[in-house]
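A look at the structure
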Amino acid sequence: MKQFFSILIALATLVAFLLLGRQISAAIGWAVPGAVVGMLLLVASLVVLGHVPKGLALVADKALPHLALLFIPPVLAISQVNALTMSHWVWVVLWLLMSWLVSLFVVAKLLNRGKP
Amino acid sequence: MTIRFVALVVLMSGAYVVCLYLYRKSRGFALLHPVFTSPVLVGVALLLLSFPIDQFLIEMAPFSWALDVAIVALAIPIYRTIDVVKQRARQISWMLPVCSLVLVVLAVGPLVWLVDDEIWLSFVPKSTTTPVAYAVSEVIHGLPSLSVISVAITGAFGAFIGPYMLDRMAIKDRFVRGFSLGLTSHAFATAKLLESDTEQASYSALAMALNALITAVWVPLVFSLVLFNTGQF
């Protein structure tokens, strides 16, 4: 029961930070998504607090690994994009592979140079 | 909340559980990750039920709320990296902005001149973690669904051949290995590294978290300032 309440409070906290972030983002007229502003505020709050409250830790550890569930609708939505045909997809995957290879190479070399 | 909404959520969750089971059975084979398999399974189920996909998407629109809540919840893993951030503050403070910029530039490269705006804009956030890529893609007018897919494919490369490529490049430093894989292949790479070397995995998680954070801030700002003002949108 106690755990149930701490989860509820954690969810309420997350929603509160989300709403706050959206308000701030809208008020400033910033292009940064409200959810990202909410995330930044929560990171700052945790730094001030000095630790992660139990409920929040529980929600993050249990729910975040299952994010793929939330992505079912967005991924299915690609079927509604008529601009992409099968042959386009071959190019998309080839581009992603090339871009990934070059990115890893550049980033790893950069980091290797800068190591202490 | 209609009965139909509940039924669709149950269908989605059921498909996800089946896919997660298969993924675990395969001992983490990246192509069987539920991010790839569960939408296919749901799509097939909808086809069999002759339920139109566009209707499904409309019904599931409230789900984007859960995604936004998940982005806020990323604050927790980000906060947990604080000790490593403190230890390596000097290194990270210059590496991170440089790498974030490099990753965005290499994500689009010559595509800016070759393909439709909404296509290359979708690739811009492909090195960040999925929920952040989704949100960023939305504000810079990419196709969020294409962004999600490109993030997942990019991550799968990292899980499959990331460590092998680093071996080929003769990179031995564990910080460099973990950090570069986290930057380029986010959660997929982190999950892969967790199987063999938790220290590398922690650097990977750190890179993934910080890269998502910094990219989610500068990309929307720069793109809205530069592109929107030149009248491209």
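Here is what the cut-offs are and how they apply
Starting from 1, residues in each chain are numbered consecutively following that chain's sequence as written. Lettering for chains starts from A, numbering for ligands starts from 1, and both go in the order in which the items are written. pLDDT decides what is reported in this predicted model: residues at 70 or higher carry local features, side-chain atom pairs at 80 or more are listed and counted, and totals for whole chains, interfaces and linings draw on all residues regardless. Hydrogens and water are ignored here; the side-chain numbers use all heavy atoms of the structure. We call Phe, Tyr and Trp rings a pair once their centres come within 6.5 Å, taking the six-membered ring for Trp, and we label the pair stacked below 30 degrees between planes, edge-to-face above 60, and tilted otherwise. Secondary structure counts use DSSP, requiring at least four H or I residues in a row for a helix and at least two E residues in a row for a strand, with both numbered from the N terminus. Whether a residue is buried, partly exposed or exposed follows from its accessible area with a 1.4 Å probe, protein chains only, as a fraction of its type maximum: under 20%, in between, or over 50%, in that order. The split into domains, and so the bounds of each, comes from an automatic or database assignment of domains. The contact criterion used throughout is that any non-hydrogen atoms of two residues lie within 4.5 Å. We define buried area as the total accessible area lost by two parts upon association, computed with a 1.4 Å probe and summed across both. Think of a polar contact as two N or O atoms within 3.5 Å of one another; within protein, one of them needs to be a possible hydrogen donor and the other a possible acceptor, and neighboring residues in sequence only count if both atoms come from side chains. Under the grouping applied here, Gly and all other residues not named as nonpolar or charged are polar, the nonpolar ones being Ala, Val, Leu, Ile, Met, Phe, Trp, Tyr, Cys and Pro and the charged ones Asp, Glu, Lys and Arg. Salt bridges are counted wherever a side-chain nitrogen of Lys or Arg sits within 4 Å of a carboxyl oxygen of Asp or Glu.

Moving on, we get to the packing of aromatic side chains. All names here are of chain B. Within the structure shown, the criterion is met by seven aromatic pairs over all chains. Judged by centre distance (5.3 Å) and plane angle (70°), the rings of F29 and F160 are edge-to-face. With F29 in the loop between α1 (3-25) and α2 (34-48) and F160 in helix α11 (residues 144-168), this residue pair connects regions lying 131 residues apart in the sequence. Judged by its relative accessible area of 37%, F29 falls in the partly exposed class. Aromatic side chains W120 and F223 sit 6.4 Å apart centroid to centroid with 45° between the ring planes, which places their arrangement in the tilted category. Of the two residues, W120 is situated in helix α9 (residues 117-123) and F223 in helix α13 (residues 198-229); the sequence distance between them amounts to 103 residues. One aromatic cluster is present, formed by F175, F179 and Y203 through successive ring pairs.

Residues and elements named next belong to chain B. By domain assignment, chain B separates into domain 1 (3-61) and domain 2 (75-229). Taking only C-alpha atoms, the centre of domain 1 and the centre of domain 2 are 26 Å apart. With seven residues of domain 1 in contact, the opposing surface of domain 2 contributes seven residues. At the boundary of domain 1 with domain 2, total buried surface from both sides reaches about 570 Å², with 85% on carbon and sulfur atoms. On the domain 1 side of the contact with domain 2, A30, V35 and F36 bury the most area, a combined 61% of that side's loss. Counting the contacts that link domain 1 with domain 2 gives zero residue pairs in polar contact (both at pLDDT 80 or more). Counted by class, the side of domain 1 that touches domain 2 contains five nonpolar, one polar and one charged residues.

If you look at the interface, chain A gives 68 residues, while chain B gives 88 residues. Both faces considered, chain A and chain B share a buried interface measuring about 6800 Å² in area, 84% of it formed by carbon and sulfur atoms. Run the count over chain A and chain B and you get two salt bridges. A salt bridge links D68(B) to R22(A), with the nearest nitrogen and oxygen atoms 2.6 Å apart. Summed over the shared surface of chain A and chain B, the number is nine residue pairs in polar contact (both at pLDDT 80 or more). At the level of elements, α1 (2-28), α2 (34-49), α3 (54-63), α4 (67-70), α5 (72-76) and α6 (86-114) of chain A are the ones that each hand at least two residues to the side of chain A that touches chain B. Among the elements that take part in the side of chain A that touches chain B, α6(A) stands out by supplying 21 residues, more than any other.

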